[in-house]
Amino acid sequence: MEKTQHIPVLESEVLEYLQAAAGGNFLDCTLGGAGHTLAILQANPKNTVTASDRDERALKRAAVRLADHASRVTLLHADFAALSGLLKDQTFDGMLADLGISTDQLKENRGFSFNDDAALDMRMDESQGQSAADIVNGASAQQIFVLLKQGGVGNEARAIANAIVERRPYGTAKELAAVVNQTFARVARGKAAQKKVNPSTVVFQALRIAVNREFEHIESLMELAPRLIRSGGRIAIITFHSLEDRVVARKMREWESGGEFSARSPGSMRAKRLGHVVERKGIEPSAEEVTRNPSARSACLRVFEFSSIDS
Ligand SMILES: C[S@@+](CC[C@H](N)C(=O)[O-])C[C@H]1O[C@@H](n2cnc3c(N)ncnc32)[C@H](O)[C@@H]1O
């Protein structure tokens, strides 16, 4: 198995905001190429990390990379929804989720990239669920339209969904991208038509989100986090597009305020306030980092500190 090609994003910021140098036990629930896990282990010789990922290939690669620190690392094959059952009563000083896919997944010819002359799979966990091919070759135009809209595709979503159904079946990612790009060129108007980004980018992102049920998993993670992190501990979440960033930011505000319910019904029972948002606007990579690693360009780090404040 080849070495990881993934460069961790916002690495020094993650270490700083998780206060990793101070020592503690951490949960990295998006192990990927193990860059952040390794940095946390190196930040303090007493640090321990429980590191999980839904992709078994990531775990195999990381086991080799982290071999020198094996006594301080526990590796788990788990998605966010499965973590609650596996971690039971454990608590952590800090927790990291670096959302989305890794450079390794993008380069492994698994259909994540629209340039892949390979099967349209897109499952991060290859042992579970429907592949992207199952969806584009089997779902109705309406179902495809809905998932494209939910994944951020603009006004062209209807025409693209119809074209996907008319021109199927698809063997490879490249074949699907060709249909998407032709349709987009035919129907896009105004600003959308002038954009330099390949139109398949957002369509492939929407499909990936649907295949991996990414929003449901983020919701599970946000439900779980308050139980997993000790009072005074922090969660750091790196998002890569506005759709997931909105979910994370909204949930953190809810933790801080004691819940939407209390805001809408003044005087009613308030839920418990769980702590505070650290850096309200989120933390973005420096220009230097984006130049060095263009994959960091849309990253935003959101941090929340849990405490036992009662409202
Ligand atoms: C951006 S990469 C993480 C890179 C890592 N921080 C590093 O430094 O190498 C995201 C990783 O999270 C995993 N992942 C994404 N969503 C997940 C979920 N719902 N449950 C578990 N793992 C997930 C992916 O399989 C991928 O390996």
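Residues numbered from 1 in each chain as written. Predicted model: local features only at pLDDT ≥ 70, side-chain atom pairs only at ≥ 80, totals over all residues. Heavy atoms only, no water.

Caption draft 1: Representation of the overall build of the chain in the model. Across its full length, the chain holds 15 helices and 7 strands. Taken over C-alpha atoms, the radius of gyration comes to 20 Å for the chain, in line with the 19 Å a tight globule of 311 residues would show. Each of the 311 residues in the chain was classed as buried or not, and the buried ones make up 52%. Counting only carbon and sulfur atoms, one obtains 50% of the accessible surface of the chain, whose full area is about 15100 Å². Of the side chains in the chain, 40 bear a positive and 39 a negative charge, and the two mean positions are spaced by 5 Å. (Helix = DSSP H or I, 4+ residues; strand = E, 2+ residues; numbered from the N terminus. Rg over C-alpha atoms; globule rule 2.2 N^0.38 Å. Buried < 20%, exposed > 50% of the residue type's maximum accessible area, 1.4 Å probe, protein only. Areas by Shrake-Rupley, 256 points an atom, 1.4 Å probe, with all protein chains shown as cover. Lys, Arg positive; Asp, Glu negative; His and termini not counted. Charge placed at Lys NZ, Arg CZ, Asp CG, Glu CD.)

Caption draft 2: Geometry of the layout of surface pockets. The volume enclosed by the second largest pocket comes to roughly 340 Å³. Along the wall of the second largest pocket there are 17 residues; nearest its centre are Gly129, Gln130, Ala210, Val211 and Arg213. Contributing elements (two or more residues each) for the lining of the second largest pocket: α7 (141-150) and α11 (200-211). Taken together, the residues of the lining of the second largest pocket break down into 6 nonpolar, 6 polar and 5 charged. (1 Å grid on protein atoms, 1.4 Å probe; cavity = no way out; pocket = protein on both sides within 12 Å on 5 of 7 lines; lining within 4 Å. Points joined across faces, edges and corners; volume = space filled by probe spheres on them. Nonpolar A, V, L, I, M, F, W, Y, C, P; charged D, E, K, R; others polar.)

Caption draft 3: Representation of the sheet that holds strand β7 (residues 300-306) within the structure. If you trace the 7 strands from one edge of the open sheet to the other, you get β3-β2-β1-β4-β5-β7-β6, paired in mixed fashion. Unpaired on one side and paired on the other, β3 (73-77) and β6 (275-283) mark the two borders of the sheet. The mean inter-strand angle of the sheet, taken between neighbouring strand axes irrespective of direction, is 15°. Summarising the sheet, strand β1 (residues 25-28) and strand β4 (residues 92-98) pair through 3 bridges and their orientation is parallel. What sits directly across from Asp28, in β4, is Leu96. Together, β2 (48-53) and β3 form the strand contacts of helix α3 (residues 56-65), whose direction differs from that of β3 by roughly 160°. Across the sheet, helix α4 (residues 80-87) lies against β1, β2, β3 and β4, angled at about 125° from β3, the strand it touches most. (Pairing = 2+ DSSP bridges. Axes fitted to C-alpha atoms, helices over the stretch in contact; angles between N-to-C directions. Contact = heavy atoms within 4.5 Å.)

Caption draft 4: Main features of the state of the cysteines. Going through the model one piece at a time under the given rule, you end up with 0 disulfides. Cys29 takes part in no disulfide bond, and the closest cysteine sulfur, belonging to Cys300, lies 17 Å away. Of the residues examined, Cys29 reaches a relative accessible area of 3% and is grouped as buried. (Disulfide = S-S within 2.5 Å.)

Caption draft 5: Spatial organisation of the domain arrangement of the chain. Split by domain assignment, the chain resolves into domain 1 (11-104 + 215-306) and domain 2 (126-211). Taking only C-alpha atoms into account, the centre of domain 1 sits 30 Å from that of domain 2. The partner domain 2 presents 9 residues to the 9 residues of domain 1 that form the contact. If you sort the residues of domain 1 by the area they bury against domain 2, Phe215, His241 and Leu243 come out on top, with a joint share of 52%. Summed over the shared surface of domain 1 and domain 2, the number is 1 salt bridge. For the pair domain 1 and domain 2, the interface holds 1 residue pair in polar contact (both at pLDDT 80 or more). Looking at the side of domain 1 that touches domain 2 residue by residue, the classes come out as 3 nonpolar, 3 polar and 3 charged. (Domains from an automatic or database assignment. Buried area = accessible area lost by both parts, 1.4 Å probe. Salt bridge = Lys/Arg side-chain N within 4 Å of Asp/Glu carboxyl O. Polar contact = N/O pair within 3.5 Å; in protein donor to acceptor, adjacent residues only side chain to side chain.)

Caption draft 6: Structural detail: the site of the ligand. Near the ligand lie 24 residues; those nearest to it are Gly33, His36, Asp53, Asp98 and Gln105. At 3.4 Å from a nitrogen atom of the ligand is found a main-chain nitrogen or oxygen belonging to Thr30. Interatomic distance of 3.2 Å between a backbone N/O atom of Arg54 and a nitrogen atom of the ligand. Relative to its free-state accessible area of 600 Å², the ligand is covered by the protein chains to the extent of 98%. Of the residues in the shell around the ligand, the class split is 9 nonpolar, 10 polar and 5 charged. (Near = heavy atom within 4 Å.)

Caption draft 7: Quick look at the packing of helix α9 (residues 173-187) against α11. Across the interface, α9 lies against α11 with an axial gap of 10 Å and an inter-helix angle of 125°. Classified by the interaxial angle, the pair formed by α9 and α11 is oblique. You can see that α9 and α11 cross each other, and the crossing is right-handed. In this structure, α9 uses Ala173, Leu176, Ala177, Val180 and Asn181 to contact α11, whose residues at the interface are Ser200, Val203, Phe204 and Leu207. (Parallel < 35°, antiparallel > 145°, perpendicular 65-115°, else oblique. Left-handed = near helix turned anticlockwise from the far one by under 90°.)

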